[in-house]
Structure formats: C-alpha cells, structure tokens
Amino acid sequence: MSEVRERIGQHLQVLVQDIGARPPGSPANRQATAYVEQILTTAGHRPVAAPFTTRWWEPGEGHLEVGGVRVGVAPNPYSPAGDVRGRAVLLRRLDQLEALATATGAVLVLTDELASGQLLPAAFPFLDLPEHRRTRDALHRLAPAAVVAVSDHWEPILEDPDLPFPSTTIPTELGRDLHPGDELHLVVSGAVHPGDGVNLSARIGDGDRRLVLCAHLDSKVTTPGAFDNAASVAVLLALAELGHLDGLPVELVLFNGEDHIDACGEVAWLAATDLDQVAGACNLDGIGLAGRRTSLAALACPEPVASELAAWVARHDGWVAAEPWIESDHAIFAMRGIPAVAITTEDVHALLGGLAHTADDTLEVLDRDLLARIAADLPSLLTLLATSLTTAAPNHHDG
Ligand SMILES: [Zn+2]
C-alpha cells in the first residue's frame with residue numbers, strides 16, 4: 001500500500017505540480033503524454049500512441065465597459081481577441097435570437113434560456129442537440145460584433161473556436177446592469193493555436209476480448225487538474241507499473257480529450273479500435289477528494305453483472321453506488337451498449353462549480369491515502385468485471 005501511495009504521489013507531483021494545465025495540442029500536454037509513455041515503457045508495457053491534431057486556447061484577459069464603468073471579465077475559451085463597441089441587444093430565448101433580422105455592429109447579450117448552460121461546440125463529435133445547432137446557426141448568420149452571456153452556470157456559456165466573434169460570460173449580478181441600447185465596449189485577449197498530440201493506450205493481459213480501463217489525462221487550460229483528472233491517471237499508472245493489473249485482460253487507455261472541445265484523443269483511439277473486442281469499460285474521473293466517498297455507477301450492465309457490482313460496492317468500505325451519468329469517457333461505451341462502470345466522487349455534480357476546471361483544483365484537495373485505498377480495491381473490481389464480461393458473447397453496438 002505504501003509503495004502504491006508513494007508512486008501515486010510521484011505521478012501527481014509531475015502531472016499537477018511540474019506540468020500543470022495540459023490541454024490537448026499544447027506543449028504541456030505533450031510533456032504529460034511523454035511522461036506517461038516513459039512510465040509505462042519503463043514498467044515493461046508497450047504503449048501505443050494514436051496521433052491527432054487539434055486547436056488549443058491560450059487564455060488572455062478582458063474587460064467590459066458600460067456607461068463609463070469598467071469591470072474585468074474572463075474571455076470565453078477560444079474567443080477571438082478583439083476590442084469592439086456596439087449597442088446591446090438583450091435576448092432571453094432562442095426564438096428571439098432566430099427572429100432577429102440583423103445584428104451587425106451589435107453586442108448580443110444572452111440571458112435566461114439562452115445562457116442556462118454551455119452551448120455544445122460544432123466540433124464536439126459525440127453529441128449535438130437541435131436547439132444547440134439552431135443557436136449556433138443563428139449566431140453565425142447574425143455575426144454580431146460580440147456576445148456577452150449572462151449566467152451563473154459553472155462553465156462559460158460559449159467555448160467554440162468556430163464562432164468568429166469575441167465573447168465573454170459574466171455573472172447575473174453584473175448582467176443586471178446591462179440594458180437594451182446600452183453602448184458596450186468589450187476587450188478580450190487570448191489566442192487559438194494549432195497543435196498535435198497523442199492518445200496513449202497499452203495492453204496488459206492476453207486475449208482479444210478485453211476490458212478498457214481508462215481515465216483522461218488532459219485538463220482544461222484554466223486548471224492544474226488534480227482532482228480532474230490527474231488523480232485517476234496517477235492511480236492507473238501506479239497499478240500498471242507495480243504489476244497489480246498483470247493477468248487481467250485489460251487495455252489501459254489514457255484518454256486525451258475528455259475536457260476538450262473536439263475529444264481529439266477519444267476520436268483517435270476509436271478510429272484505431274475494434275469495439276467488438278471491448279467487453280466492458282471502467283472509467284475513473286474525479287476521484288480522491290478528501291473527506292468524500294468514492295462512487296460507482298453501472299451503465300448498460302446486464303444482470304447479473306449489475307447485481308454483482310452492487311454487492312461489490314456493499315462489501316467495500318468507502319464506496320457508494322451512484323446513479324448512471326452520461327458524461328466523461330464511460331459514455332463512449334455505454335452509449336454503444338457496451339457495459340461500463342463509472343468511478344468518481346460521491347455527489348460529484350454538486351462539486352463541479354467550485355472546483356473542477358478552476359485554479360483551485362490543486363494537490364491540496366486530494367487525499368493520497370484515499371487514492372491508495374482506491375488503487376488497492378480496483379484489482380478485485382476488475383477481476384469481477386473480467387470474469388462476468390469477457391467470457392460473454394460480443395456486445396451489439398452501432399459502431
Ligand atoms: Zn474529468
């Protein structure tokens with residue numbers, strides 16, 4: 001246990017402290033994948049690199065001026081830099097946006113329904129929704145001078161490199177001061193860069209039918225990403241290098257794009273993989289928070305596997321069953337009907353606002369003893385999954 005704990009600490013030190021924010025496409029991300037590759041190679045595994053190209057964003061600063069009052073604002077990720085002035089047009093709903101004939105020279109101020117959550121970017125490969133597509137289409141057609149989203153949602157409302165105007169998200173407390181026809185002056189900086197990277201995977205045991213054991217190693221550019229998700233990567237690396245996964249029919253996959261607009265690493269790995277040979281997946285995302293239990297959700301798991309997992313959770317201290325959540329890398333499998341297990345922290349969605357993707361997601365929030373305990377429990381969970389899933393017939397999925 002202490003050896004595992006020590007190795008977890010070493011990996012966290014490198015990924016969080018030495019490297020820090022590691023968005024796909026950036027030099028820091030390539031440093032992170034080089035480190036992971038070296039750890040796996042040194043341990044005698046043979047990591048496979050699936051290359052990709054993408055775009056990453058170097059954040060800048062911003063301010064918004066209205067009626068002679070100037071306040072600092074955060075540019076939306078991937079916002080083009082700009083220094084623009086325009087009259088405010090306030091819009092609450094999609095039908096109001098679509099009804100606008102023109103917005104040339106205007107600053108669209110999106111509130112309420114139009115700013116209730118993040119707009120899916122066009123580049124995201126796994127999901128689109130009609131209202132999101134219509135919103136993007138209207139924004140492209142109107143080509144406003146800038147967009148100010150007014151929202152207390154935990155993520156910026158726009159994060160889309162294909163939207164050509166500068167934008168920011170401001171809290172509702174500030175948004176209350178904006179009125180139709182106000183002259184707004186928005187200044188934002190930052191840059192979008194092309195970049196490349198790799199998705200890393202490594203086969204541990206023998207046999208074609210296998211479990212994917214995965215965690216994403218990338219982070220948003222705004223965070224050192226300790227809890228989300230270096231903690232999971234550190235646990236998997238420690239298990240792999242100390243031989244605790246030996247003999248299990250596992251493919252270790254360090255996804256590189258879960259927190260990225262185009263899921264570049266996920267797409268690269270999927271293109272290189274025959275999913276018929278993937279019997280199930282176990283994804284770790286957001287583990288090891290001090291003072292919290294670890295949650296396990298079963299998705300697309302047939303009986304008796306679901307019951308066996310519930311019994312496993314009941315037998316293990318510090319674990320709790322959670323409702324299925326269709327996000328993160330387990331969704332790639334569950335949405336195709338491949339049984340998947342999602343491991344995270346109890347009540348994780350309530351924690352997202354204040355911690356995930358922020359500068360506060362540092363080593364201090366993690367409990368290394370807890371991470372070592374999770375690492376100690378995982379082989380028995382994987383044995384259960386391997387026994388119940390890899391001997392069964394191939395899954396049916398839509399590719
Ligand atoms: Zn994550």
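Within any chain, residue numbers begin from 1 and follow the written order of that chain's sequence. Where local features are concerned, this predicted model is filtered to residues with pLDDT of at least 70; where side-chain atom pairs are given and counted, the filter is 80 or more; whole-chain, interface and lining totals use all residues. For the side-chain quantities, the full set of heavy atoms in the structure was used; hydrogens and water were omitted.

Caption draft 1: View of the side chain of T344. Mapping T344 onto the fold places it in strand β13 (residues 340-345). We call two residues contacting when some pair of their heavy atoms lies within 4.5 Å. Contact partners of T344, with chain neighbours within four places excluded, come to D285, G286, I287, R293, T294, S295 and W325. Only DSSP runs of H or I reaching four residues or more are called helices, and only runs of E reaching two or more are called strands; each is numbered from the N terminus.

Caption draft 2: Examining the packing of aromatic side chains more closely. Two rings belonging to Phe, Tyr or Trp (six-membered ring only in the last case) form a pair when the distance between their centres is within 6.5 Å. Interplanar angles under 30 degrees mark stacking, angles over 60 mark edge-to-face geometry, and anything in between is tilted. Per the stated rule, a full pass over the model turns up 4 aromatic pairs. When the centroid spacing of 5.8 Å and the interplanar angle of 85° are considered together, the rings of F124 and F126 count as edge-to-face. When accessible area is computed with a 1.4 Å probe and restricted to protein chains, residues below 20% of their type maximum are described as buried, those above 50% as exposed, and intermediate ones as partly exposed. Judged by relative accessible area, which is 25%, F124 ranks as partly exposed. Take F126: its relative accessible area is 25%, and that puts it in the partly exposed class. Both rings, one in W269 and one in F333, keep their centres 5.8 Å apart while their planes meet at 65°; by these two values the pair is edge-to-face. On the criterion of sequence distance, the pair formed by W269 in helix α7 (residues 264-271) and F333 in helix α9 (residues 330-334) is long-range, its members being 64 residues apart. W269 sits in the buried class, given a relative accessible area of 2%.

Caption draft 3: How the structure looks around the pairing of strand β6 (residues 167-170). Of the two faces of β6, the one carrying S167 and T169 and the one carrying T168 and I170 are both buried. Two strands qualify as a pair provided that DSSP identifies no fewer than 2 bridges between them. In terms of strand pairing, strand β5 (residues 146-150) meets β6 through 4 bridges, oriented parallel. Each residue of the ladder has a partner; that of V148, found in β6, is T168.

Caption draft 4: A look at the coordination of the zinc ion. Around the zinc ion, the protein contributes the donor atoms H216 (NE2), D228 (OD), D285 (OD) and D285 (OD), which lie 1.9 to 2.6 Å from the metal centre. The site at the zinc ion holds 4 donor atoms, and with the angles between them running 53 to 150°, its shape is irregular. The sequence motif formed by the donor residues of the zinc ion is H-x11-D-x56-D. On the criterion of sequence distance, the pair formed by H216 in strand β8 (residues 210-216) and D285 in the loop between β10 (278-284) and β11 (294-299) is long-range, its members being 69 residues apart. Of the two residues, H216 and D285, both sit in the buried class. Distances up to 2.8 Å from the metal define which N, O and S atoms are donors, and 3.2 Å serves for Na, K and Ca; water is absent from the atom set, so sites may look incomplete. Site shape is set this way: if four donors have all angles between 85 and 135 degrees, tetrahedral; if opposite donors are over 155 degrees apart and all others between 65 and 115, square planar for four donors and octahedral for six; otherwise irregular.

Caption draft 5: Representation of the pairing of strand β7 (residues 183-203). Where strand β1 (residues 48-66) meets β7, 17 bridges bridge the pair, whose relative direction is antiparallel. Its bridge partner lying in β7, A49 is registered against L200. Bridge count between strand β3 (residues 82-91) and β7: 6 bridges; the pairing is antiparallel. Within β7, the residue paired with D83 across the bridge is V187. As defined by bridge partners, β7 adjoins strand β9 (residues 250-255) across 4 bridges and the pair is classed as antiparallel. Bridge pairing in β9 places S201 opposite V253.

Caption draft 6: Representation of the environment of I326 in the model. Structurally, I326 is set in the loop between β12 (319-321) and α9. Once residues within four sequence positions are removed from consideration, I326 is found in contact with L299, A331 and M335.

Caption draft 7: Just the domain arrangement of the protein chain, in detail. Assigned domains within the protein chain: domain 1 (2-54 + 195-389) and domain 2 (62-193). How far each domain reaches was decided by an automatic or database domain assignment. Placing the centre of domain 1 and that of domain 2 at their C-alpha centroids yields a distance of 34 Å. At the interface, 16 residues of domain 1 touch 10 residues of domain 2. Across the domain 1/domain 2 interface, buried area totals approximately 1,000 Å², and carbon plus sulfur atoms make up 71% of it. Think of a salt bridge as a Lys or Arg side-chain nitrogen and an Asp or Glu carboxyl oxygen that are within 4 Å of each other. Here domain 1 is connected to domain 2 by 1 salt bridge. Here E159 makes a salt bridge to K220, at a shortest N to O gap of 2.8 Å. Distance and chemistry together define a polar contact, namely a pair of N or O atoms within 3.5 Å, with one atom able to donate a hydrogen and the other to accept it when in protein, and with adjacent residues in sequence counting only for side-chain atoms on both sides. Inspection of the region where domain 1 meets domain 2 yields 2 residue pairs in polar contact (both at pLDDT 80 or more). No other element matches the 3 residues that α7 contributes to the side of domain 1 that touches domain 2. Each residue receives one of three labels: charged for Asp, Glu, Lys and Arg, nonpolar for Ala, Val, Leu, Ile, Met, Phe, Trp, Tyr, Cys and Pro, and polar for the others, Gly being one of them. Taken together, the residues of the side of domain 1 that touches domain 2 break down into 8 nonpolar, 5 polar and 3 charged. Buried area: the accessible surface (1.4 Å probe) lost by two parts on joining, summed over both.

Caption draft 8: Layout of the packing of helix α2 (residues 27-42) against helix α6 (residues 226-241). Between α2 and α6, whose axes approach to 9 Å, the crossing angle comes to 20°. Between α2 and α6, the angle is such that the two are roughly parallel. Within the contact between the two elements, α2 uses Y35, V36, I39 and L40 and α6 uses V233, L237, A240 and E241. Residue composition of the contact of α2 with α6, by class: 7 nonpolar, no polar and 1 charged. Geometry is summarised by axes, namely lines fitted to C-alpha atoms with helices restricted to the contacting stretch, and by angles between N-to-C directions that run from 0 to 180 degrees. Should an angle lie under 35 degrees it is considered roughly parallel, over 145 roughly antiparallel, and from 65 to 115 roughly perpendicular; all remaining angles are considered oblique.

Caption draft 9: Quick peek at α7. Among the 8 residues of α7, 6 are classified as buried, and the element is accordingly described as predominantly covered. Those residues of α7 that fall on the buried side of the exposure criterion are C264, G265, E266, A268, W269 and L270. Of the surrounding elements, those touching the buried residues of α7 are β1, β7, β8, β9, β10 and α9.

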